[in-house]
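Below are the chains, spelled out letter by letter.
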Amino acid sequence: MVSGAVYDAVNAIEGRPYDPYLVAPRTNGTESTDAAVGTAAYRVLESLFPDQEERLSAQYADWLDAIPDGRAKLGGIRVGERTAAAMIAAREDDGAFGNRLWTEGTGPGEWRPTPPGFENSGAWVMDLRPFLIPNAAMFRTAGPPALTSRQYARDLNEVKRLGSATSTARTADQTEAARWWHDRRSVHWEIKRQLAVTQRLSALATARLFALVDMTGEDGSIACQNDKEFWSFWRPVTAIRLADTDGNPRTTADPNWTPLLVTPPFPDYPSGHSCGTGARMAAYERIFGTDEVAFSAFSVDSGTTRHFDSFSAATTEVIGARIWGGIHFHTADVNGVGLGEAVAAYTTENHFLPRR
């Protein structure tokens, strides 16, 4: 929401070279972009987090104090107020933070809450109104492999071997990658900002990058959660402990198996991290016109910085990282990336385009 409101403000001041997301307030081009950006961001955040109003207000005041007083500043504030108001109105009753729970099952292959917390949460995301795609269900995947198939056995035995908390087959680098990608502070924020700096993007190009990537990533998550509920597939920790019930002679149960990472409280298929990363990396590639752009990011959880020479390299690593963490099957990761890439193909071809 912040990125969309900021984009509309900067795009308007620059003379609307791109299609607006929601609105394009009338401007003469002399308005302060800094004032518009700060105001748009502040007003959206203020509406979302009223309990943080005191801190947000102080930060906003500091931001405005750094901008010279005058008509340009006042004009920028006016533009930011307009685009923020449009965004807030557009997202009213959009389904955020609802009470929906995931469907629980008890049969082979059916998702149920996992240890240690046995929680059921986050299902409201599937009901969230998308930002750019018309329908969250339009990217339905083929689904997980049949429990009795060779592919399922390969998936289960792979994560059983590499994703265990006590695995001796997983390398130190794979363990680091698993923790790095699992960081809930989201390394994606640093990647996005870093790319804007290293690629020397203008204010408008940066605003467009942030809006397109953030909304594509969010819509990838919405479509992914919709698909998760549709297939409602069990997690590796459940599948491995109950492998004697799956009807597959190529799998064996280990009732004490525990993953390296704590399993998130929702179904396995498709992988949410893979959906989101696939969507963002595909969007970057389309925006920059090349896959070969280097970037890196630091994770507090792993205490390390990981470096990538291309967007596809990051996508490839996240597929492995979710297996090494013991929380996803290989097919869930691969098909999650595919879903995210399909979302990115749609959003980049239909939104934030140069005006004809």
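In case you missed it, the structure is sitting above this.
Keep in mind the model is a prediction, meaning the values are calculated, not measured. (Residues numbered from 1 in each chain as written. Predicted model: local features only at pLDDT ≥ 70, side-chain atom pairs only at ≥ 80, totals over all residues. Heavy atoms only, no water.)

Colleague: So what's going on with the overall build of the chain? Which residues, and what values?
Modeller: The number of helices and strands found in the chain is 12 helices and two strands. Computed over C-alpha atoms, the radius of gyration of the chain comes to 22 Å, within 12% of the 21 Å expected from 2.2 N^0.38 for 356 residues, which places it in the range of a compact globule. Expressed as lengths along the three principal axes of its C-alpha atoms, the size of the chain is roughly 75 × 45 × 40 Å. In the chain, which comprises 356 residues, the proportion classed as buried is 53%. Residue pairs in contact within the chain that sit at least 24 positions apart in sequence constitute 78% of those at least 6 positions apart. In the structure as shown, the chain presents an accessible area of about 16,000 Å², 51% of it carried by carbon and sulfur atoms. Here the chain holds 35 positive side-chain charges and 44 negative ones, and the gap between their average locations is 3 Å. (Helix = DSSP H or I, 4+ residues; strand = E, 2+ residues; numbered from the N terminus. Rg over C-alpha atoms; globule rule 2.2 N^0.38 Å. Buried < 20%, exposed > 50% of the residue type's maximum accessible area, 1.4 Å probe, protein only. Contact = heavy atoms within 4.5 Å. Areas by Shrake-Rupley, 256 points an atom, 1.4 Å probe, with all protein chains shown as cover. Lys, Arg positive; Asp, Glu negative; His and termini not counted. Charge placed at Lys NZ, Arg CZ, Asp CG, Glu CD.)

Colleague: Tell me what's going on with the state of the cysteines, and back it up with residues and numbers.
Modeller: Considering all chains together, one arrives at one disulfide under this definition. The disulfide bridge from Cys-224 ends at Cys-275, spanning 2.4 Å between sulfur atoms. Across the S-S bond of Cys-224 and Cys-275 the torsion is about 65°, and the bridge reads as right-handed. Here Cys-224 is found in helix 8 (residues 203-231), whereas its partner Cys-275 is found in helix 10 (residues 272-288), with 51 residues between them in sequence. The burial state of Cys-224 is the same as that of Cys-275; both residues are buried. (Disulfide = S-S within 2.5 Å.)

Colleague: Summarise the nonpolar core; cite the residues concerned and give the values.
Modeller: Counting residues in each nonpolar core, the largest one holds 29 residues, and the members touching the most others are Ile-191, Leu-195, Tyr-284, Phe-295 and Phe-311. Looking at this core, the elements with two or more residues in it are helix 6 (172-182), helix 7 (188-198), helix 8, helix 10, strand 1 (295-299) and helix 11 (311-324). Not counting residues up to four positions away in its chain, the partners in contact with Tyr-284 are His-188, Ile-191, Lys-192, Leu-195, Leu-209, Val-213, Gly-289 and Phe-311. Core analysis: the second largest hydrophobic core is formed by 18 residues, Ala-5, Tyr-21, Leu-212 and Met-215 among them. (Core = buried A, V, L, I, M, F, W, Y, C linked by side-chain atoms within 4.5 Å.)

Colleague: Just give me the short version of the environment of Asp-155, but keep the residues and values in it.
Modeller: With respect to the helices and strands, Asp-155 occurs in helix 5 (residues 150-162). For Asp-155, a relative accessible area of 3% translates into the label buried. For the pair Asp-155 and Arg-91, spaced 64 residues apart in sequence, the C-alpha separation works out to 39 Å. Setting aside its immediate chain neighbours within four residues, Asp-155 contacts Pro-145, Phe-329, His-330 and Thr-331.

Colleague: Just give me the short version of the pairing of strand 2 (residues 304-308), but keep the residues and values in it.
Modeller: Judged by which residues are buried, strand 2 turns out to be one-sided: Thr-304, Arg-306 and Phe-308 face inward and are buried, whereas Thr-305 and His-307, on the alternate face, are not. If you look at the hairpin formed by strand 1 and strand 2, you'll find four residues sitting between the two strands, and Gly-303 has a positive phi there, around 70°. (Pairing = 2+ DSSP bridges.)

Colleague: Mind laying out the pattern of salt bridges, listing which residues take part and the relevant values?
Modeller: Taken as a whole, this structure holds 14 salt bridges when the rule is applied. Between Asp-94 and Arg-91 there is a salt bridge, with its nearest N and O atoms 2.9 Å apart. With respect to class, Asp-94 is no different from Arg-91; both count as buried. Where Arg-140 meets Asp-227, a salt bridge forms, and the shortest distance between an N and an O atom there is 2.9 Å. Residue Arg-140 is found in the loop between helix 4 (71-90) and helix 5, and its partner Asp-227 is found in helix 8; the two are separated by 87 residues along the sequence. Here the salt bridges share partners, and the residues they tie into one network are Asp-173, Glu-176, Arg-306 and Glu-317. (Salt bridge = Lys/Arg side-chain N within 4 Å of Asp/Glu carboxyl O.)

Colleague: Describe in detail the packing of helix 2 (residues 33-48) against helix 3 (residues 53-65), supporting the description with residues and values.
Modeller: Think of two packed helices as two axes; the pair is described by the angle between the axes and how far apart they sit. Direction vectors running N to C along helix 2 and helix 3 enclose 175°, while the axes themselves pass 10 Å from each other. Relative to helix 3, the element helix 2 is oriented roughly antiparallel. Where helix 2 abuts helix 3, its residues Asp-34, Ala-35, Gly-38, Thr-39, Tyr-42, Leu-45 and Glu-46 lie against Glu-53, Leu-56, Ser-57, Tyr-60, Trp-63 and Leu-64. When grouped by side-chain class, the residues that make up the contact of helix 2 with helix 3 number seven nonpolar, three polar and three charged. (Axes fitted to C-alpha atoms, helices over the stretch in contact; angles between N-to-C directions. Parallel < 35°, antiparallel > 145°, perpendicular 65-115°, else oblique. Nonpolar A, V, L, I, M, F, W, Y, C, P; charged D, E, K, R; others polar.)

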